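The primary structure of each chain is shown beneath.
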Amino acid sequence: MSKVILPGSTIGIIGGGQLGRMLAIAAKQMGYKIAVLEPTKNGPCAQVADLEINASYDDPSALKQLAEKTDVITYEFENIPVKAICNLEKCAYIPQGYRLLEISQNRVIEKTILNEKGFKTVDFEIVSNQEQLKEKIEILKYPCVLKTATGGYDGKGQVVLKNKSDLDKAYTLLTNSCVLEKYMNFKGEISAIVTRSTNGEIKVFPISENIHVNNILSKTIVPARVSAIVEKKAKEIAINFMKTFDFYGTVAIEMFVLENDEILINEIAPRVHNSGHYSIEACFTSQFEEHIRAICGLKLGSTELVQKAVMVNLLGKDLEKVTELLQIANCKVHLYGKTGVKTNRKMGHVTFIGTNQEKIINQVKEIFG
Ligand code: ADP
Ligand code: MG
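**Student:** Kindly report on the pattern of salt bridges, identifying the contributing residues and their values.
**Tutor:** Scanning the entire structure with this criterion turns up 20 salt bridges. For Lys28, the salt bridge goes to Asp50, with nearest N and O atoms at 2.9 Å. Residue Lys28 is found in helix 1 (residues 18-29), and its partner Asp50 is found in the loop between strand 2 (33-37) and strand 3 (51-53); the two are separated by 22 residues along the sequence. Residue Lys28 is classed as partly exposed on the basis of its relative accessible area, which comes to 33%. Judged by relative accessible area, which is 43%, Asp50 ranks as partly exposed. Here Arg99 ties to Glu102 by a salt bridge, and the two come within 3.0 Å at their closest N and O atoms. Taken together, the residues span about one helical turn, with Arg99 and Glu102 both in helix 4 (residues 99-104) at a distance of 3 residues. The class of Arg99 is partly exposed, set by a relative accessible area of 45%.

**Student:** Hey, could you go over the sheet that holds strand 7 (residues 158-161) for me, with residue numbers and the actual values?
**Tutor:** Ordered by their spatial adjacency, 4 strands build an open sheet running 5-8-6-7, and the pairing between neighbours is antiparallel. Since the sheet does not close on itself, it has two edges, and those belong to strand 5 (124-127) and strand 7, each with one partner. Strand-to-strand twist across the sheet, computed as the mean angle between neighbouring axes with direction ignored, equals 20 degrees. Of the strand pairs in this sheet, strand 6 (residues 144-148) and strand 8 (residues 178-182) are connected by 5 bridges, and their pairing is antiparallel. Residue pairing for strand 8: Lys147 is matched across the bridge by Val179.

Calculation criteria
Residues numbered from 1 in each chain as written. Chains lettered and ligands numbered in written order. Predicted model: local features only at pLDDT ≥ 70, side-chain atom pairs only at ≥ 80, totals over all residues. Heavy atoms only, no water. Salt bridge = Lys/Arg side-chain N within 4 Å of Asp/Glu carboxyl O. Helix = DSSP H or I, 4+ residues; strand = E, 2+ residues; numbered from the N terminus. Buried < 20%, exposed > 50% of the residue type's maximum accessible area, 1.4 Å probe, protein only. Pairing = 2+ DSSP bridges. Axes fitted to C-alpha atoms, helices over the stretch in contact; angles between N-to-C directions.

Spelled out as structure tokens, the structure:
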């Protein structure tokens with residue numbers, strides 16, 4: 001696979017949220033045109049795209065139209081029906097394919113295949129009814145966390161079980177198949193964003209340290225405050241992953257770092273990722289540009305870190321801070337153009353940059369606590 005798609009061509013994006021918007025901005029800067037398929041009209045990506053198609057992600061005539069209007073298609077969202085991508089492949093060029101999408105959509109399949117291929121994950125059990133849940137808790141012990149196999153994101157579809165009193169809440173998830181995981185007392189969370197061009201080249205971005213609040217990514221700190229060995233191991237896992245799964249495009253691999261510096265994979269996303277937003281300002285090439293280069297068969301750009309960064313997500317409740325944030329010289333404000341404001345909805349993000357990591361971490365603490 002080494003089709004080269006040059007600027008002037010049109011890139012189709014399935015999914016019209018903020019990831020699509022930032023992909024589109026990067027692509028347009030390089031001279032590409034953008035067509036987006038998204039059910040909701042005038043969303044974050046459509047606002048910067050050349051063509052908008054409003055239909056469900058698996059609408060056959062909309063997908064046909066997208067294929068006709070574009071030279072290459074990518075997706076920015078992992079809950080697209082796999083069948084739609086599979087069918088679309090017959091008439092369109094989608095370097096990301098559907099296989100990793102299918103795997104990442106189901107936590108049972110994801111963890112099982114990762115383990116089979118030699119990638120370590122948290123110990124887990126498959127659970128689909130109340131009896132099984134009690135049985136498996138005996139094996140994994142409290143505390144543990146129950147997650148729906150499909151459809152969960154940003155901590156939705158998860159219940160942490162500290163003791164028996166949390167069982168009733170956990171039962172509410174059991175309408176679908178779930179995974180029960182041991183609740184890890186990890187040292188920290190990191191992620192590796194890795195890109196593989198259809199020309200075969202692979203590049204990993206600097207490893208980021210991720211801080212979650214209420215199971216939603218809150219902050220990303222780069223460079224991650226981990227040992228050189230952990231950084232090296234995480235990058236090796238990322239490169240090995242791309243080769244093992246033979247994937248083209250960008251993947252985010254979320255990992256837990258244990259007390260003994262062992263690394264476990266938490267989950268993967270076959271797309272650009274929130275924990276890579278820092279790369280827009282802090283790296284020579286952003287994850288968005290890198291992904292566009294990868295699917296267009298271009299040489300990958302340098303992922304070198306040019307400045308230290310702390311990225312903070314702006315949820316609905318943080319929007320009141322925007323005026324203050326706009327006054328800060330080393331802070332870049334990104335707003336996604338979303339209209340419906342909800343307390344925990346990702347509305348934008350900010351990236352603080354600088355040469356002194358401690359200083360920027362303290363600066364963020366003063367503003368966001
Ligand atoms: P989502 O799809 O919602 O991102 P994740 O499995 O990544 O689901 O969980 C979200 C966050 O919840 C993780 O980043 C981590 O902070 C916490 N978490 C998830 N699983 C575990 C676990 N087994 N032990 C400890 N914390 C966990
Ligand atoms: Mg996650």
